[in-house]
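# Descriptive structure summary
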Amino acid sequence: MSTPRYSFLGPEGTFAHAALLTIPGARSAHALPEATVTAAIDAVREGRADGALVPIESSVEGAVPATLDELASGDPLVIAAETYVQVVFAAFVRPGTTLADVKSVATHPHAEAQCRRWLMTNLPDAQLQLVGSTAGGAVAVAEGSADAAVAPRVAGELYGLQTLADDIADRPGAITRFVLLRRPIAPSAPTGNDRTTLVAYLRADHAGALLEILTEFSLRGINLTRIESRPTKSRLGHYSFSIDCEGHIADARVG
């Protein structure tokens, strides 16, 4: 059998990279870093990758819109597995740089949101540079285009940076959920601890339309663990609903 190929939100050193390494068999697979969530998912749709490991939900920031939108549009994909990573951020600089030397900070928008108060308190005048990934911020510092980065510890170590401050998140203990996306395949067998993700659309916009959808779950005793509204991008005011529920599609009530 050929070695599997997994794309992820790169470069190496991101939380997505760390999450990928927790997937069974991933350590011996070909890892394909991509610049964005969309590019990682496109690698699967185009056949360049067998799976894409991307973030879908943060305990601090909620859902990741890029992932939800890709699951709701384009060629169908399925979630084959999920994994959770504890998110610990640090501020990294080039060796010899002090707090007073920092005039610019590069990081991903979700990392900035989770460390906003620390940045406002310690680097209130620094210019923020938003990049495609937390590891990308570390790369920017290593290459000299930014003075500091908010990134995972592994990224700082990987790119030879010095720790300016560790564990700087405003809310410690944050968790990010990652999912492994594949082209449609037969579902794995039920384990008794399963979750199903689906996207629901309103057939017609009228009072109580969303309640009608939710009632179908309630009548069958299915517990919802997440529901997010996303614009369909077809017309203003038109939304789809990304839903997670407990159970397996092979369960009669879920199927």
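Residues numbered from 1 in each chain as written. Predicted model: local features only at pLDDT ≥ 70, side-chain atom pairs only at ≥ 80, totals over all residues. Heavy atoms only, no water.

Between side chains of opposite charge, pairing is possible as soon as their charged atoms come close. All chains considered together, the criterion is met by 15 salt bridges. Residue R177 pairs with E57 through a salt bridge whose shortest N-O separation is 3.1 Å. Of this pair, R177 sits in strand 11 (residues 175-182) while E57 is found in strand 3 (residues 51-58), placing the two residues 120 residues apart along the sequence. For R177, the salt bridge goes to D244, with nearest N and O atoms at 2.6 Å. Of the two residues, R177 sits in strand 11 while D244 sits in strand 14 (residues 239-246), which places them 67 residues apart along the sequence. Each member of the pair R177 and D244 is classed as buried. (Salt bridge = Lys/Arg side-chain N within 4 Å of Asp/Glu carboxyl O. Helix = DSSP H or I, 4+ residues; strand = E, 2+ residues; numbered from the N terminus. Buried < 20%, exposed > 50% of the residue type's maximum accessible area, 1.4 Å probe, protein only.)

Relative to the elements of secondary structure, T67 occurs in helix 3 (residues 65-72). Note on T67: relative accessible area 0%, which makes it buried.

This part takes up the sheet that holds strand 10 (residues 162-166). Overall, mixed pairing links the 5 strands, which are arranged 8-7-9-6-10 in an open sheet. With one partner strand each, in any of the chains shown, strand 8 (127-130) and strand 10 form the two edges of the open sheet. Direction aside, neighbouring strands of the sheet carry axes that sit 30° apart on average. Direction of pairing for strand 6 (residues 89-93) relative to strand 9 (residues 148-152): antiparallel, over a ladder of 5 bridges. Bridge pairing in strand 9 places F92 opposite A149. (Pairing = 2+ DSSP bridges. Axes fitted to C-alpha atoms, helices over the stretch in contact; angles between N-to-C directions.)

Turning our attention to the nonpolar core. For soluble globular proteins, the rule of thumb is that nonpolar side chains tend to be buried together. Residues L53, V54, F89, V105, V150 and I168 are the most contacted members of the largest nonpolar core, which totals 46 residues. Listing elements by their share of this core, those giving two or more residues are strand 1 (5-9), helix 1 (15-20), helix 2 (37-45), strand 3, strand 6, helix 5 (116-122), strand 9 and strand 11. Those residues in contact with V105 that sit more than four places away from it in its chain are L119, L123, A126, Q127, L128, Q129, A148, A149 and V150. Counting 12 residues, the second largest nonpolar core, distinct from the first, contains F92, A138, A140 and A146. (Core = buried A, V, L, I, M, F, W, Y, C linked by side-chain atoms within 4.5 Å. Contact = heavy atoms within 4.5 Å.)

Across all of its chains, the model carries 1 aromatic pair by this definition. Ring plane angle 90° and centroid distance 5.3 Å describe the contact between F15 and F89, whose orientation is recorded as edge-to-face. Of the two residues, F15 sits in helix 1 while F89 sits in strand 6, which places them 74 residues apart along the sequence. A residue is classified by how much of its surface remains accessible, and F89, at 2% relative accessible area, is buried. (Phe/Tyr/Trp six-rings, centres within 6.5 Å; stacked < 30°, edge-to-face > 60°.)

Our focus in this paragraph is the sheet that holds strand 13 (residues 224-231). Spatial strand order, 12-14-13: 3 strands in an open sheet with antiparallel pairing. On the outer flanks of this sheet lie strand 12 (195-201) and strand 13, each paired with one strand and no other. The mean angle between the axes of side-by-side strands here comes to 15°, regardless of whether they run parallel or antiparallel. In terms of strand pairing, strand 12 meets strand 14 through 7 bridges, oriented antiparallel.

As a further point, take helix 3. Every α-helix winds through 3.6 residues per turn, so residues three or four apart in the chain are directed the same way. Burial in helix 3 covers these residues: T67, L68, D69 and E70. Tucked into the core, helix 3 has its buried residues touching helix 2, strand 3, strand 4 (62-63), strand 13 and strand 14. Remark: G74 follows helix 3 within two positions and exhibits a positive phi of approximately 75°.

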